[in-house]
Amino acid sequence: MHKIPANTLFVGKNLVFMPECHSTNSLALNLCQQSPFIAEGTVVITANQTAGRGQRGNTWDSEPGMNLTFSIILRPNFLATSKLFYLNIFSALAIHDYLSERGCPSVFIKWPNDMYVADKKICGVLVENQIQGNELNGSVIGIGLNINQQHFDIENVTSLSLVLDRQVGLQEELEILLSKIEARYLQLRASRFSSLMENYLQVMYWLNEVHSFTAFGDTFEGTICGVDQAGKLRVRIKDQERVFETKEIRYEQ
Ligand code: BTN
C-alpha cells in the first residue's frame, strides 16, 4: 500500500494503488481516455505487475514488492506535437535528479530515456501519448525503477539497493521521486526547452565518445553528438552526421 505524498502540489495527490495488475501504463491509459476529468498527476501504482510493457515492444519484469512500478497521468496540452520528445527529456531528467540526490555515482541517461548507473540499467521509462487530431489529449509516463531487487535474470542491470549497499523504503523513495518529477514537469510547463535540452545533453550516456553501434544490419564506429528536436539520435560516422529513430539503432556494449 502506498500513501499520498505530502511534498508535491499535484503529482501523486490522487493515487490509485493496485496490489496486482497487468500493466500500470495500460490502466493509466484507460483512465486517461475514459475519465476526461481525472486529476492531472494521478499515479497508478502496483506491487505486482504481471505484464509490464517496455519500449520497442519489450516486456518489463519486476520482482513483486521489491521495486517501483507506476504510471503518471499528465495533460500536457500546452505542448506542440512536434515537441513530444520533451516528455522523455523531462521525465528522464527528473529520475536523474532523484538518483543523483540519493547518492548514486555516475548516473547517465541512455537515449531516449533509460537510466544507467555506470554501465548498468537501473530504470526504464515508457511514455505513451493520446493524440486526438493535432492535439495532445493526455500522456502517461510509466516508470519501472529497480529499488530493492537483488538478483536479475539479465546482465547489466542493477537496483538502488545494490548501488547503495542497503535496503531502502519504497514509500520514501516514491515521495522523493514524485517531487523531482513535478519540479521538472513545471519547467516543461514553463517552456524552458533550451535548458531542459542542455541538461539532458550534459548527462547523456556515451555523448562525444567513440563507440560501436548497429543499424540496418551494419555494425560501425560512431560518436553520439546529440539529439534533434524530434528526439532522433544524432551520430557522427566518418565525418558525416546521420540521425536515427529508437528502433533503428542499437548500442553495442
Ligand atoms: C523500458 O526500459 O523498456 C521501459 C520500461 C517501462 C516499465 C514501466 S513499469 C510501470 C509502467 N507500466 C508498464 O507496463 N511499463 C511501465
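Structure first, text after, so check above.
Residues numbered from 1 in each chain as written. Predicted model: local features only at pLDDT ≥ 70, side-chain atom pairs only at ≥ 80, totals over all residues. Heavy atoms only, no water.

Draft legend 1. Spotlight on the site of the ligand. What surrounds the ligand is a group of 20 residues, the closest being Ser-23, Gln-49, Arg-53, Gln-55 and Lys-121. Separating an oxygen atom of the ligand from a backbone N or O atom of Gln-55 is a distance of 2.7 Å. Lys-121 is positioned such that a nitrogen or oxygen atom in its side chain is 2.6 Å from an oxygen atom of the ligand. Calculation on the ligand without its partners gives an accessible area of 420 Å², and the protein chains cover 98% of this total. Here the element with the most residues in the shell around the ligand is strand β8 (residues 120–132); it accounts for four residues. Here the residues of the shell around the ligand sort into five nonpolar, 12 polar and three charged. (Near = heavy atom within 4 Å. Polar contact = N/O pair within 3.5 Å; in protein donor to acceptor, adjacent residues only side chain to side chain. Areas by Shrake-Rupley, 256 points an atom, 1.4 Å probe, with all protein chains shown as cover. Helix = DSSP H or I, 4+ residues; strand = E, 2+ residues; numbered from the N terminus. Nonpolar A, V, L, I, M, F, W, Y, C, P; charged D, E, K, R; others polar.)

Draft legend 2. Layout of the pairing of strand β7 (residues 114–117). Residues Asp-114 and Tyr-116 line one face of β7 and the alternating positions Met-115 and Val-117 line the opposite face, and both faces are buried. Where strand β6 (residues 107–110) and β7 come together, four bridges link them in antiparallel fashion. The residue bridging Lys-110 from the neighbouring strand is Asp-114, located in β7. The turn linking β6 back onto β7 is made up of three residues. Joining the antiparallel neighbours β7 and β8 is a turn of two residues, in which Ala-118 adopts a positive phi near 55°. (Buried < 20%, exposed > 50% of the residue type's maximum accessible area, 1.4 Å probe, protein only. Pairing = 2+ DSSP bridges.)

Draft legend 3. Seen up close, the sheet that holds strand β12 (residues 233–237). Here we have five strands laid out as an open sheet, ordered β13-β12-β11-β10-β14, and antiparallel in their pairing. Among the strands making up the open sheet, the edge pair consists of β13 (240–244) and β14 (249–252). Averaged over all neighbouring strand pairs, the angle between strand axes comes to 50°, with direction disregarded. (Axes fitted to C-alpha atoms, helices over the stretch in contact; angles between N-to-C directions.)

Draft legend 4. Quick peek at the side chain of Glu-175. Residue placement: Glu-175 occurs in helix α4 (residues 170–189). Comment: no salt bridge for buried Glu-175; closest opposite-charge side chain is Lys-3, at 5.4 Å. Other than its neighbours up to four places away in sequence, Glu-175 contacts Pro-5, Ala-6 and Asn-7. (Lys, Arg positive; Asp, Glu negative; His and termini not counted. Salt bridge = Lys/Arg side-chain N within 4 Å of Asp/Glu carboxyl O. Contact = heavy atoms within 4.5 Å.)

Draft legend 5. Summary view of the sheet that holds strand β1 (residues 15–18). The mixed open sheet is built from seven strands, whose spatial order is β1-β2-β5-β9-β8-β7-β6. Pairing within the sheet leaves two strands with one partner each, and these edge strands are β1 and β6. Taken over all neighbouring pairs, the strand axes of this sheet differ in orientation by 20° on average, direction set aside. Pairing of β8 with strand β9 (residues 135–145), which is carried by 10 bridges, proceeds in the antiparallel orientation.

Draft legend 6. Region of interest: the nonpolar core. In this structure, Phe-70, Leu-99 and Leu-145 are the most contacted members of the largest nonpolar core, which totals 68 residues. When sequence neighbours within four positions are dropped, the list of residues in contact with Phe-70 reads Thr-24, Val-43, Val-44, Ile-45, Ile-141, Gly-142, Ile-143, Leu-174, Leu-177, Leu-178 and Ile-181. Grouped together as the second largest cluster of nonpolar side chains are seven residues, Ala-28, Leu-29, Val-44 and Val-140 included. (Core = buried A, V, L, I, M, F, W, Y, C linked by side-chain atoms within 4.5 Å.)

Draft legend 7. Structural context of helix α2 (residues 85–101). Taking 1.5 Å per residue as the helical rise, α2 with its 17 residues ought to reach 24 Å, and the 25 Å between its terminal C-alpha atoms agrees with that figure. Burial runs high along α2: 14 of the 17 residues are buried. (Expected span 1.5 Å × (residues − 1).)

Draft legend 8. Region of the structure containing the packing of aromatic side chains. Under the counting rule described, the total for this entry stands at 13 aromatic pairs. Considering the side-chain rings of Phe-90 and Tyr-185, the 5.3 Å spacing of their centres and the 50° angle between planes classify their relative orientation as tilted. Taken as a pair, Phe-90 in helix α2 and Tyr-185 in helix α4 lie far apart in primary sequence, 95 residues in all. One exposure class covers both Phe-90 and Tyr-185, and it is buried. Through pairs of rings, three or more aromatic residues link up here, namely Phe-108, Tyr-116, Tyr-205, Trp-206, Phe-213, Phe-220, Phe-244 and Tyr-251. Taking the ring centre of Phe-193 as reference, the NZ or CZ of Lys-83 above it sits at 4.9 Å. Here the basic side chain of Lys-110 rests over the ring of Tyr-251, its NZ or CZ set 4.6 Å away from the ring centre. (Phe/Tyr/Trp six-rings, centres within 6.5 Å; stacked < 30°, edge-to-face > 60°. Lys NZ or Arg CZ within 6 Å of the ring centre and 35° of its normal.)

Draft legend 9. View of unusual backbone geometry. A cis amide bond links Trp-111 with the next residue in sequence, Pro-112, at an omega value of 0°. Note that Pro-112 resides in the loop between β6 and β7. Even without glycine at this site, Ser-191 takes up a positive phi of about 60°. The phi angle at Asp-239 is positive, at roughly 65°, despite the residue not being glycine.

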